[in-house]
Amino acid sequence: LSVFFVDAKKQEKPSGKEPRWAAWMLFIGVAVILVLIGIANLQYWVVENCVKKNGTDDVTRFGISGDFFGFANALFSALAFAMIMVTLWMQKYELKLQRNEIDQTQEIMLEQTASLQRQTFENTFFGMLRLHTEIVDGVKIRGKAIHGREAIGVLYAELFRQLCSGTSAAGRRFPLSKANDSYHKWYSGNEAEIGHYFRTLYNLMRYINEYDDEVDQKTTYARLVRAQLSRNELQLLLFNGLSKFGEEKFKPLIEKYALLKHCERSGETAELREQYKDTAFGSETGGNAQEG
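Thresholds, definitions, all that
Residues numbered from 1 in each chain as written. Predicted model: local features only at pLDDT ≥ 70, side-chain atom pairs only at ≥ 80, totals over all residues. Heavy atoms only, no water. Helix = DSSP H or I, 4+ residues; strand = E, 2+ residues; numbered from the N terminus. Buried < 20%, exposed > 50% of the residue type's maximum accessible area, 1.4 Å probe, protein only. Contact = heavy atoms within 4.5 Å. Areas by Shrake-Rupley, 256 points an atom, 1.4 Å probe, with all protein chains shown as cover. Salt bridge = Lys/Arg side-chain N within 4 Å of Asp/Glu carboxyl O. 1 Å grid on protein atoms, 1.4 Å probe; cavity = no way out; pocket = protein on both sides within 12 Å on 5 of 7 lines; lining within 4 Å. Points joined across faces, edges and corners; volume = space filled by probe spheres on them. Nonpolar A, V, L, I, M, F, W, Y, C, P; charged D, E, K, R; others polar. Patch = residues over 30% accessible without salt bridge, like charges linked within 9 Å, V, L, I, M, F, W, Y side chains within 5 Å. Axes fitted to C-alpha atoms, helices over the stretch in contact; angles between N-to-C directions. Parallel < 35°, antiparallel > 145°, perpendicular 65-115°, else oblique. Left-handed = near helix turned anticlockwise from the far one by under 90°. Core = buried A, V, L, I, M, F, W, Y, C linked by side-chain atoms within 4.5 Å.

(A) Structural context of the overall build of the chain. Within the chain, the secondary structure is distributed over nine helices and zero strands. Order of helices (α) and strands (β) in the chain, N terminus to C terminus: α-α-α-α-α-α-α-α-α. Taking all 292 residues of the chain together, the buried fraction comes to 38%. By sequence separation, contacts in the chain at least 24 residues apart represent 66% of the contacts at least 6 residues apart. Accessible surface, the chain as shown: approximately 17600 Å² in total, 57% of it carbon and sulfur.

(B) Up close: the pattern of salt bridges. A complete count under the given rule lists six salt bridges for this structure. The shortest N-O distance in the salt bridge between Arg-149 and Glu-233 comes to 2.8 Å. Taken together, the residues Arg-149 in helix 4 (residues 149–164) and Glu-233 in helix 7 (residues 231–240) connect sequence positions 84 residues apart. According to the relative accessible area criterion, Arg-149 is partly exposed, its value standing at 35%. Between Lys-251 and Glu-255 there is a salt bridge; the shortest N-O distance is 2.8 Å. Of this pair, Lys-251 and Glu-255 both sit in helix 8 (residues 250–256), four residues apart, which is roughly one turn of that helix.

(C) Up close: unusual backbone geometry. Positive phi, normally seen in glycine, also occurs at Ala-258, with a value near 55°. Relative to the elements of secondary structure, Ala-258 occurs in the loop between helix 8 and helix 9 (270–273). Judged by its relative accessible area of 10%, Ala-258 falls in the buried class.

(D) Seen up close, the layout of surface pockets. In this model, the largest pocket occupies a volume close to 160 Å³. As for the largest pocket, its lining consists of Tyr-187, Phe-198, Arg-199, Tyr-202, Asn-240, Lys-244, Phe-245, Gly-246, Glu-248, Lys-249 and Phe-250. In terms of residues, the lining of the largest pocket owes the most to one element, helix 5 (residues 176–210), which gives four residues. A per-class count over the lining of the largest pocket returns five nonpolar, two polar and four charged.

(E) Fine view of a nonpolar patch on the surface. Taken together, the side chains of Leu-26, Val-30, Ile-33, Leu-34 and Ile-37 make up a nonpolar region of the molecular surface, amounting to roughly 480 Å² of accessible area. For Leu-26, the location among the structural elements is in helix 2 (residues 21–51).

(F) Structural view of the packing of helix 4 against helix 5. Viewed as axis vectors pointing N to C, helix 4 and helix 5 meet at an angle of 160°, and their least axial separation amounts to 9 Å. Taken together, the axis directions place helix 4 and helix 5 in an arrangement best described as roughly antiparallel. Both helix 4 and helix 5 take part in a crossing whose hand is right-handed. Across the interface between the two elements, Ile-152, Leu-155, Glu-158, Leu-159, Gln-162 and Leu-163 from helix 4 touch Lys-178, Ala-179, Ser-182, Tyr-183, Lys-185, Trp-186, Asn-190, Glu-193, Ile-194 and Tyr-197 from helix 5.

(G) The arrangement of the nonpolar core in detail. The biggest cluster of nonpolar side chains holds 50 residues, and the ones touching the most others in it are Tyr-197, Met-205, Leu-237, Phe-239, Phe-250 and Leu-260. When contributions to this core are tallied by element, the ones reaching two or more residues are helix 3 (58–138), helix 4, helix 5, helix 6 (215–226), helix 7 and helix 8. Broken down by element, this core gets its largest block of residues, twelve residues, from helix 5. If sequence neighbours within four positions are ignored, Phe-250 has contacts with Phe-198, Leu-201, Tyr-202, Met-205, Leu-237, Asn-240 and Leu-259.

(H) Just the packing of helix 5 against helix 6, in detail. Between helix 5 and helix 6, the shortest axis-to-axis distance is 9 Å and the interhelical angle comes to 165°. Relative to helix 6, the element helix 5 is oriented roughly antiparallel. The handedness of the crossing between helix 5 and helix 6 is right-handed. Contacts from Leu-201, Leu-204, Met-205, Ile-208 and Asn-209 in helix 5 reach Lys-218, Tyr-221, Ala-222 and Val-225 in helix 6. For the contact of helix 5 with helix 6, the residue count by class is seven nonpolar, one polar and one charged.

Written out as structure tokens, the structure reads:
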């Protein structure tokens, strides 16, 4: 029995091999039969060789025989206890297998759910990214055959002229108050051409930010968006994030995902760049640090 318990202890952690329950049950059954045969033989030998020789009557001999069966009852009780222990060990092992199967099933379901969520997110994300590209291509100048990024360049040039009006080229800088006034006036006049562009870009970045995933993965998606932005788009985004249209909601996303990392530096916009956190330009050491 001690050998059995050692083997059962090894099976506490279910492995690829099935425990030798059948072998142990067969071993115990054979042991019981052998013990019964041994008791019967011993009883017969004692009665024939010891009891009869002493002239004991039949009643006494049956009494002695009953004593032998009392010993057998004790042995059977011990064997029955051993069988109960075997059954308990079998149940314990089966429960462990069931728990392991449940845990594995739950892990598989969680992985499948995460995979499905990511697939759903990416389908929507790339759909929104395509929509943003289509909107960029659809931007046009009223009354002119100019559209797409070329049109955005024309719009930015118009804003730049408004900012530069009344100032000399030497040491020109755009103060925040003047930049906002000029941008608000420019935006009001061109809202029909450029308004949906910024709204779509903002919602695309908000969708990334609200995605329940690791920060590194979100940053990867943000890089894909940032790679679509041209020089003139980045300059307009610099102004939009400081205006009343983007300061509250869009500016934190610009800073969090370094959307202005490749925005061109110039003396005119130095004061505007200082209004952003360093992270907006992909730098942890300052807005004027060398960009990667």
